[in-house]
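Chains, contacts and geometry: an overview
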Amino acid sequence: MTTTQSFKSIRADETVRPPHRLAFIGRAFATLWANWKSRLGLIILGLFVLVAIFAPWLAPYGATQDGFPRNADASWAHWFGTTAAGEDVLSQLIYGTRVSVTVGFIAGALSTLVAVLIGLSWGYIRGFGAEVVNFVVNLFLVIPGLPLMIVIAAYLQNGGLAMIIAVIVITGWAWGARVLRSQTQSLRSRDFVTAARFSGDSSFRVVFHEILPNMTSLIAGSFFGAATAAILAEAGLEFLGLGDSSIVSWGTILYWAQNSNALLTGQWILLFAPGLCIALLAMSLTLVNFGVDAISNPRLREGSAKSARTAPDARAEEGSER
């Protein structure tokens, strides 16, 4: 009786509102910042993004500006020396950040989008359509990624960054689709999905309005993994000479350094500097992924919070025993 009266006392216009998107983003960022690994990754990633945005103001010279002494050692005028074509190495590194960051984010986002569309649909449907998608996904997973990228890039050579992004997207969506399909199959049997189907909602609405919001952190983790793979793939294709050698990127710096025998001429910085930048950018995305795991797995947050709460209690017990 008391329960019935309490329900009647609630006004009709009082509804439970979902958390605002900005509040969700704020909590997610706080969770990322609380993890020291993801905090370090965010700082490194933020630095690279700032360098990519303000490259024209940070670089001392133009990306393709030549006329300087060739194969010059490091000096006050050229901190990292010059290339065999008389170009400033530091300026090329700064401008090359734009290409790696752009390719990483665009190719990672497109690969994740394809994986989400295929993975959710594949996990929800049943029958012959699911078997066909299963065959296609397994085919892409069985074929080695790097040889497939080399073959496609060689066939579509001289296509610029658009070609490289297309090659990365074609070869990089299958693993994320399989992971999302497994999670979709787990969610499709939940009570809220069954209730949505019985209420007459279409399959599109059930998949993208009921199941998709519960996979946000998993999709974010898939994006960071795809972006990391895209950065490494772009540098590898450019280093092999399968991209556009006229643009300035970390991969093309390695390509031209190899062609000019940089190690034999003592220009080891031409190989070390872009390689270090590629490793740091890929590492930053991997570190951020640790924080994404904490968002998707509350036990990781609870464990860190418990350790922080129990530490003062443990010190107090040690003091009392003494």
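Because the structure is a prediction, the values reported are computed rather than measured.

The rules behind each value
- Residues numbered from 1 in each chain as written.
- Predicted model: local features only at pLDDT ≥ 70, side-chain atom pairs only at ≥ 80, totals over all residues.
- Heavy atoms only, no water.
- Helix = DSSP H or I, 4+ residues; strand = E, 2+ residues; numbered from the N terminus.
- Buried < 20%, exposed > 50% of the residue type's maximum accessible area, 1.4 Å probe, protein only.
- Contact = heavy atoms within 4.5 Å.
- Axes fitted to C-alpha atoms, helices over the stretch in contact; angles between N-to-C directions.
- Parallel < 35°, antiparallel > 145°, perpendicular 65-115°, else oblique.
- Nonpolar A, V, L, I, M, F, W, Y, C, P; charged D, E, K, R; others polar.
- Expected span 1.5 Å × (residues − 1).
- Phe/Tyr/Trp six-rings, centres within 6.5 Å; stacked < 30°, edge-to-face > 60°.
- Lys NZ or Arg CZ within 6 Å of the ring centre and 35° of its normal.
- Polar contact = N/O pair within 3.5 Å; in protein donor to acceptor, adjacent residues only side chain to side chain.
- Left-handed = near helix turned anticlockwise from the far one by under 90°.
- Core = buried A, V, L, I, M, F, W, Y, C linked by side-chain atoms within 4.5 Å.
- Patch = residues over 30% accessible without salt bridge, like charges linked within 9 Å, V, L, I, M, F, W, Y side chains within 5 Å.
- Areas by Shrake-Rupley, 256 points an atom, 1.4 Å probe, with all protein chains shown as cover.
- Salt bridge = Lys/Arg side-chain N within 4 Å of Asp/Glu carboxyl O.
- Arc of directions from axis to C-beta.

Focus: the overall build of the protein
- The helix and strand inventory of the protein stands at 15 helices and zero strands.
- Buried positions account for 36% of the 322 residues belonging to the protein.
- In the protein, of all internal contacts separated by at least 6 residues, the share reaching a separation of at least 24 is 67%.

Observations concerning the environment of Val288
- Within the secondary structure, Val288 is located in helix 14 (residues 269–296).
- Residues Val288 and Asn35, spaced 253 residues apart in sequence, show a C-alpha to C-alpha distance of 8.9 Å.
- Every residue in contact with Val288, bar those within four places of it in the chain, is listed here: Leu32, Ser38, Gly41, Leu42 and Phe224.

Remarks on the packing of helix 9 (residues 174–187) against helix 12 (residues 216–239)
- Viewed as axis vectors pointing N to C, helix 9 and helix 12 meet at an angle of 170°, and their least axial separation amounts to 11 Å. Comparing the axis directions of helix 9 and helix 12 gives the class roughly antiparallel. Of the residues in helix 12, those touching helix 9 at Gly176, Val179, Leu180 and Gln183 are Leu218, Ile219 and Ser222.
- Tallied by class, residues from the contact of helix 9 with helix 12 come to four nonpolar, three polar and no charged.

Re helix 8 (residues 160–172)
- Over its 13 residues, helix 8 extends 19 Å from the first C-alpha to the last, a length consistent with the 18 Å expected when each residue adds 1.5 Å.
- Buried within helix 8 we find Gly160, Met163, Ile164, Ile165, Val167, Ile168 and Val169.
- For helix 8, the elements touching its buried residues are helix 5 (89–124), helix 7 (145–155) and helix 12.

Considering the packing of aromatic side chains
- Summed over all chains, the structure comprises eight aromatic pairs.
- Between the aromatic rings of Tyr255 and Trp256, the centroid separation amounts to 5.1 Å while the plane-to-plane angle is 70°, which identifies the pairing as edge-to-face.
- Following the ring pairs from residue to residue traces out a cluster consisting of Phe105, Phe223 and Phe224.
- Stacked on the ring of Trp122, the Lys or Arg Arg181 has its end atom at 4.4 Å from the ring centre.
- The residue whose ring lies beneath Arg188 is Tyr124, and the NZ or CZ to ring-centre distance is 5.1 Å.

Brief notes about the side chain of Ser284
- Looking at the element boundaries, Ser284 is found in helix 14.
- One polar contact links the side chain of Ser284 to the main-chain carbonyl oxygen of Leu281, over a distance of 2.6 Å.
- Those residues within four positions of Ser284 in sequence are excluded, and the remaining contacts are Gly41, Ile44 and Leu45.

Some thoughts on the packing of helix 6 (residues 128–142) against helix 9
- Their axes nearest at 9 Å, the elements helix 6 and helix 9 cross at an angle of 135°. Overall, the two elements helix 6 and helix 9 adopt an arrangement that is oblique. For the crossing formed where helix 6 meets helix 9, the hand is left-handed. On helix 9, the residues that touch Asn134, Val137, Asn138, Phe140 and Leu141 of helix 6 are Ala174, Trp175 and Arg178.
- Of the residues in the contact of helix 6 with helix 9, the class split is five nonpolar, two polar and one charged.

Quick look at the nonpolar core
- Within the largest apolar cluster, 27 residues are counted, with the highest numbers of intra-cluster contacts made by Phe48, Leu93, Phe224, Trp250, Ile278, Leu281 and Leu285.
- If you list the elements that add at least two residues to this core, you get helix 3 (36–53), helix 5, helix 12, helix 13 (250–259) and helix 14.
- Here this core gets nine residues from one element, more than from any other, and that element is helix 14.
- In this structure Leu281 touches Leu45, Phe48, Ser100, Val101, Ile231 and Trp250, once residues within four positions along its chain are discounted.
- Of all hydrophobic cores here, the second largest spans 19 residues; its members include Val137, Ala174, Ala196 and Val206.

Focus: a nonpolar patch on the surface
- Where nonpolar side chains cluster on the molecular surface, the patch consists of Trp33, Ile43, Leu47, Leu50, Ile53, Phe54, Trp57 and Leu58 and spans about 860 Å² of accessible area.
- Of all the secondary-structure elements, those providing two or more residues to the nonpolar patch are helix 3 and helix 4 (55–58).
- Ranked by the residues each element gives to the nonpolar patch, the list is headed by helix 3, at four residues.
- Tracing the sequence through the fold places Ile43 in helix 3.

Some remarks on helix 9
- Helix length check: helix 9, at 14 residues, gives a terminal C-alpha distance of 20 Å against a target of 20 Å (1.5 Å per residue), a fit within 8%.
- Of all the residues in helix 9, the buried ones are Ala174, Gly176, Ala177, Leu180, Arg181, Thr184 and Leu187. Projected down its long axis, helix 9 shows its buried positions confined to an angular sector of 145°, all on one face.
- Among the structural elements, helix 5, helix 6, helix 8, helix 10 (191–198), helix 11 (203–211) and helix 12 are those in contact with the buried residues of helix 9.

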